[in-house]
Amino acid sequence: RSYALRPERVASLTAVEVPAPRAKAILSALGFKVNDANASAWQVGVPSWRPDIIGEADLVEEIVRVHGFDHIPAVPLPRDKAVTLPARTPQQRRAGLVRRALASRGLVEAVTNSFMPNGPAKQFGGGNPALTVINPISADLDVMRPSILPNLLAAAQRNQARGMSGVGLFEVGPQYSSPEPNGQQTVAAGVHFGPTGPRNWSQKPRSADAFDAKGLALAALAELGVPAELPQTSADAPAWYHPGRSGVLRLGPVVLAQFGEIHPSLLEQYDLQGVGGFELFIDKVPMPKARGTRAKPLLKLSPFQPIERDFAFIVDDTVTAEALVKAVKAGERALIGAVTVFDVYAGKGIEPGKKSIALAVTLQPVERTLTDAEIEAICSRIVAQATKATGATLRT
């Protein structure tokens, strides 16, 4: 076998200038037969023990390999901008942010099939005939999943059957509502089954509940730029959640997430106990507003001692603690640092159809220490705002 080699191809392919005598000497030393009668293209015979040589480029490689790859100059690739553009858009990076937020809170990432049996699919809002797979990979994986939760519950069942308990699983991936382009959305779903902590002599372990699931959903939303106090909570979660221990996080009419304990009938079907779950719809979370600068805002700490005052309000049963907390915060936005609920009571001493919600309000002076008269004025405004917004009255 022999191949034509143009001497100038060494420089054009590798940017290494190798003199023609040097190139011919290298090939001859390696056992090649070089016929340079034609100066424009040498005819190079290949030795029988070199079946890897199949063309001109291989001959060039042999020359440069012996001459030294370190002679190849380092030349940067041409680019339009000095800074390399990111490979992913901000929307695409959000899934990674949610994964990090959930994994940092002890959940383990799972990757399940995008298919599932038709029966569980109908239990979780599916059943669209258009999502049936014509040629499924398995007889029991015949529809596109309408929710990730059934696959995670099945995974939780397998883990629990093998002695695992107190484990949280999550998955970030697509779920499907229709075959249309807008029928697929990216969802972060998670379940936590079994006790929330190890056995301890000082306190009994408890099973995961709706508040654990809500906390995980709020943590993921905070990673996406939605503060925990911004979403509104409503009690209209889908049917696969416990009807009295579940909720929906929304911004106006837009549903950001849904959470709660899994419905008891489903837990019985999956042979599980004490499971909290959530679903976060990443595509529906609004993008945070761009800041004028990349620098973080300055940390402003007050040198003055905070003041805490407790309030117990009587409200209707239909008034949520969240609505009361927001009303109290609106009473003095500049000085209220935190509002927390520490007691809810209904029963003896409270009128039927009413309940008592006790709040701890922290006032944080900024410019100077508050006087007793100023504190009393702030408390009066807090009570007035709570009465105006929710009809609450101060419990005596």
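Further up the page is the structure itself.
Below: a short report on this structure. Bear in mind the structure is a predicted one, so any value in this text is a computation, not a measurement.

The rules behind these values
Residues numbered from 1 in each chain as written. Predicted model: local features only at pLDDT ≥ 70, side-chain atom pairs only at ≥ 80, totals over all residues. Heavy atoms only, no water. Helix = DSSP H or I, 4+ residues; strand = E, 2+ residues; numbered from the N terminus. Rg over C-alpha atoms; globule rule 2.2 N^0.38 Å. Contact = heavy atoms within 4.5 Å. Areas by Shrake-Rupley, 256 points an atom, 1.4 Å probe, with all protein chains shown as cover. Lys, Arg positive; Asp, Glu negative; His and termini not counted. Charge placed at Lys NZ, Arg CZ, Asp CG, Glu CD. Pairing = 2+ DSSP bridges. Axes fitted to C-alpha atoms, helices over the stretch in contact; angles between N-to-C directions. Parallel < 35°, antiparallel > 145°, perpendicular 65-115°, else oblique. Left-handed = near helix turned anticlockwise from the far one by under 90°. Nonpolar A, V, L, I, M, F, W, Y, C, P; charged D, E, K, R; others polar. Salt bridge = Lys/Arg side-chain N within 4 Å of Asp/Glu carboxyl O. Buried < 20%, exposed > 50% of the residue type's maximum accessible area, 1.4 Å probe, protein only. Expected span 1.5 Å × (residues − 1).

### Details of the overall build of the protein chain
When helices and strands are tallied, the protein chain shows ten helices and 16 strands. Taking 396 residues into account, the globule formula puts the C-alpha radius of gyration at 21 Å, and the protein chain, at 34 Å, lies well above it. For the protein chain, the spread of C-alpha atoms along the principal axes amounts to about 115 × 65 × 50 Å. Considering only contacts within the protein chain whose residues lie at least 6 apart along the sequence, 66% involve residues at least 24 apart. With an accessible surface of roughly 23,200 Å², the protein chain has 55% of that area assigned to carbon and sulfur atoms. Computed over 43 positive and 37 negative side-chain charges, the inter-centroid distance for the protein chain is 2 Å.

### A word on the sheet that holds strand S2 (residues 33-35)
With antiparallel pairing, three strands are arranged side by side in an open sheet as S1-S3-S2. Strand pairing shows two members of the sheet lacking a second neighbour, strand S1 (2-5) and S2, which therefore form its edges. Geometrically, the sheet is characterised by an average inter-axis angle of 25 degrees between neighbouring strands, direction not taken into account. For S2 and strand S3 (residues 42-45), the ladder comprises three bridges, and the chain directions are antiparallel. The residue of S3 that forms the bridge with Lys-33 is Gly-45. Sitting on the sheet, helix H2 (residues 20-29) touches S1, S2 and S3, and the angle it makes with S3 is about 20 degrees.

### Overview of the packing of helix H4 (residues 90-103) against helix H7 (residues 210-223)
Where H4 contacts H7, the axes come no closer than 9 Å and their chain directions differ by 140 degrees. In this view, H4 runs oblique relative to H7, as classed from their interaxial angle. Crossing of H4 against H7: the hand is right-handed. Across the interface between the two elements, Leu-97, Val-98, Arg-100, Ala-101 and Leu-102 from H4 touch Leu-216, Ala-219, Ala-220 and Glu-223 from H7. For the contact of H4 with H7, the class distribution of residues is seven nonpolar, no polar and two charged.

### Concerning the pattern of salt bridges
One pass over the full model with this rule turns up 16 salt bridges. Among the salt bridges present, the one from Glu-109 reaches Arg-99, with a minimum N-O distance of 2.8 Å. You can see Glu-109 sitting in strand S4 (residues 108-109) and its partner Arg-99 sitting in helix H4, a full ten residues away along the chain. We classify Glu-109 as partly exposed; its relative accessible area is 40%. Its relative accessible area of 30% is what places Arg-99 among the partly exposed residues. Between Asp-209 and Arg-206 there is a salt bridge; the shortest N-O distance is 3.4 Å. Looking at Arg-206, the relative accessible area reads 40%, which means it is partly exposed. Ionic contacts of the salt-bridge type, sharing partners, join the residues Arg-50, Asp-52, Glu-62 and Arg-65 into one network.

### Overview of the environment of Pro-179
With respect to the helices and strands, Pro-179 occurs in the loop between strand S7 (167-176) and strand S8 (184-193). Remark: the alpha-carbon pair of Pro-179 and Leu-131, spanning 48 residues in sequence, is separated by 6.4 Å. Setting aside anything within four residues of it in sequence, one finds Pro-179 in contact with Asn-128, Ala-130 and Leu-131.

### Quick look at the sheet that holds strand S16 (residues 393-394)
As a general point, the strands of a sheet are linked pairwise by backbone hydrogen bonds and lie either parallel or antiparallel. Across the sheet, four strands lie side by side as S14-S15-S13-S16; this open sheet has antiparallel pairing. One side of each edge strand has no neighbouring strand; the edge strands of this open sheet are strand S14 (336-345) and S16. Where strand S13 (residues 307-316) and strand S15 (residues 354-363) come together, ten bridges link them in antiparallel fashion. Each residue of the ladder has a partner; that of Ile-314, found in S15, is Ser-356.

### Considerations on helix H3 (residues 56-67)
Across its twelve residues, H3 extends 17 Å between first and last C-alpha, which sits within 8% of the 16 Å expected from 1.5 Å per residue. Listed in full, the buried residues belonging to H3 are Glu-56, Asp-58, Leu-59, Val-60, Glu-62, Ile-63, Val-64 and His-67. The secondary structure elements touched by the buried residues of H3 are S1, helix H1 (9-14), H2 and S3. At the C-terminal side of H3, Gly-68 shows a positive phi close to 125 degrees.

By themselves, these figures tell us nothing about what the structure is for.
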